[in-house]
Structures are given as structure tokens and as C-alpha cells.
Amino acid sequence: MHYPRRRRRRWPRRILGVLATLAFLGSGAAIAYMVMPQKDEATPAPAPRDAAVKGATETKPALTRKQRRARRAAVARLTARGYEPVRLSDWRPKAALQVLVGISDTDAMRAFFFAGGEFIGFDDKTTSTDLRVVKAGRNAVTLAYKLGDGTTAKIRFEYADGTLTPSEPVPARALR
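These remarks concern the structure in this document. Because the structure is predicted, anything quoted here is derived from the model rather than measured.

1. Re helix H2 (residues 65-80)
End to end, H2 covers 22 Å across 16 residues, agreeing with the expected 22 Å (1.5 Å per residue, within 8%). Among the residues of H2, those classed as buried are Gln67, Ala74, Val75 and Leu78. Taken end-on, H2 shows its buried residues confined to a sector of 100°, consistent with a single buried face. Along H2, the residues that are exposed and aim more than 90 degrees away from the buried face are Arg65, Lys66, Arg69, Arg72 and Ala80. Taken together, the buried residues of H2 touch strand S1 (84-85), strand S2 (97-103) and strand S3 (109-115). Within two residues after H2, Gly82 carries a phi angle of roughly 90°, on the positive side.

Structure below.
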């Protein structure tokens, strides 16, 4: 038995396939149009910084060449002794007394004091295990030593008449 030959209808299927493809591409173009920024849209200006806001800090001006050279020389002095600076931001270029805290490979810490770019001495003859700069003024620097019992001892170092003097004796090595 022979089945009657059916007439194939390819054209409607082809047209339907083309329409489905166009619909798919059109939806992709519509999504891209919605996601991409428009050229005529202006980018919003950043909000002005309010100095009264807590935590807002002003950026410091960059160091001059002479100030960078002096700080590099101070860092070279630390490196020559086997120390790396903990924070370069401790360096106050306009102050009469500058300080950099250095740390060695063995985690020993030491404060290096400079006046007019020249090395004038250490905070103590021995090293410390935890030391940081708390406050740096024009002629004085306050260092905080973490003691073995968890407390901190703050010692103020003043530079006057060419001499560096601590406000009180630095805690003994056994305590720090």
C-alpha cells in the first residue's frame, strides 16, 4: 500500500525560524540598550567632602625633592643597620625632629631620630619588640612601648639645643 504523497510545507517553517531568530536577537539588543550607559547622560559629580564629617582626613601635600632626598637618606641609614622602616608616614619633613621606626629580620624594633636630615641617635641602647609613633610634633615625638603585661608606656622625646632627651627613662628591655 502506498500512502498518498504529502505536500511538504517548508516555507512556513523557514519563515517561522527567521522570525524566531529575529525575536531572539531583538531581545538581546533591547537588553544591551537598557544596560549600556547613554552618551547624553552626564556622570554625577562626586559629592563634596565635608571636613566636619568624623573620619574625614585631608590629603597631605607631596614631599619636595629635597624632602624626599632627606627621607631616602634616612631610610638608607636604617637599611645600613639592618632595619626596614615600619611606616614612612611617621617622617615629618618640616619638623625639627624626625623619627622613623625600623624593624629587623628578627622583629626587633628601634626608633631612629634625625634632626635636619642628620642622624642624632636611637630611642634606647637596646631594641624593643613592639614600638610605634603616637604623636610627632615640631620638636618632640612620643613613642609607645608595648609592655609584657599588655599595657603601653608612652615616652616623649624632645629635641632642644642639639640634644635629644626623653621625658622619663625608657622601660627596661625585660619589660618591653
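Here the narrative resumes.
2. Considering the side chain of Ser128
Positionally, Ser128 belongs in the loop between strand S4 (118-122) and strand S5 (131-136). Overall, Ser128 belongs to the buried group, its relative accessible area being 1%. Polar side-chain contacts of Ser128 include one of 2.6 Å to the side chain of Arg176. Discounting residues that sit within four places of it in the chain, Ser128 has contacts with Asp107, Ala108, Met109, Asp123, Tyr145, Arg173 and Arg176.

3. Examining the packing of aromatic side chains
A complete count under the given rule lists seven aromatic pairs for this structure. Summarising the aromatic geometry, the rings of Tyr83 and Phe112 are spaced 5.4 Å apart at their centres and angled 70° between planes, so their arrangement reads as edge-to-face. A residue pair is termed long-range when its members are at least 10 positions apart, and Tyr83 in the loop between H2 and S1 and Phe112 in strand S3 qualify at 29 residues. Relative accessible area serves as the criterion here: at 8%, Tyr83 is assigned to the buried category. Taking the relative accessible area as the measure of exposure, Phe112 reaches 0% and is therefore buried. Three or more aromatic residues joined by ring pairs make a cluster, and in this case those are Tyr83, Trp91, Phe112, Phe114, Phe119 and Phe122. Looking at Arg14, its charged tip hangs above the ring of Trp11, at a distance of 5.1 Å from the centre. The ring of Phe122 carries the charged tip of Arg110 above its face, separated from the ring centre by 3.9 Å.

Each value, and the rule that gives it
Residues numbered from 1 in each chain as written. Predicted model: local features only at pLDDT ≥ 70, side-chain atom pairs only at ≥ 80, totals over all residues. Heavy atoms only, no water. Helix = DSSP H or I, 4+ residues; strand = E, 2+ residues; numbered from the N terminus. Expected span 1.5 Å × (residues − 1). Buried < 20%, exposed > 50% of the residue type's maximum accessible area, 1.4 Å probe, protein only. Arc of directions from axis to C-beta. Contact = heavy atoms within 4.5 Å. Polar contact = N/O pair within 3.5 Å; in protein donor to acceptor, adjacent residues only side chain to side chain. Phe/Tyr/Trp six-rings, centres within 6.5 Å; stacked < 30°, edge-to-face > 60°. Lys NZ or Arg CZ within 6 Å of the ring centre and 35° of its normal.

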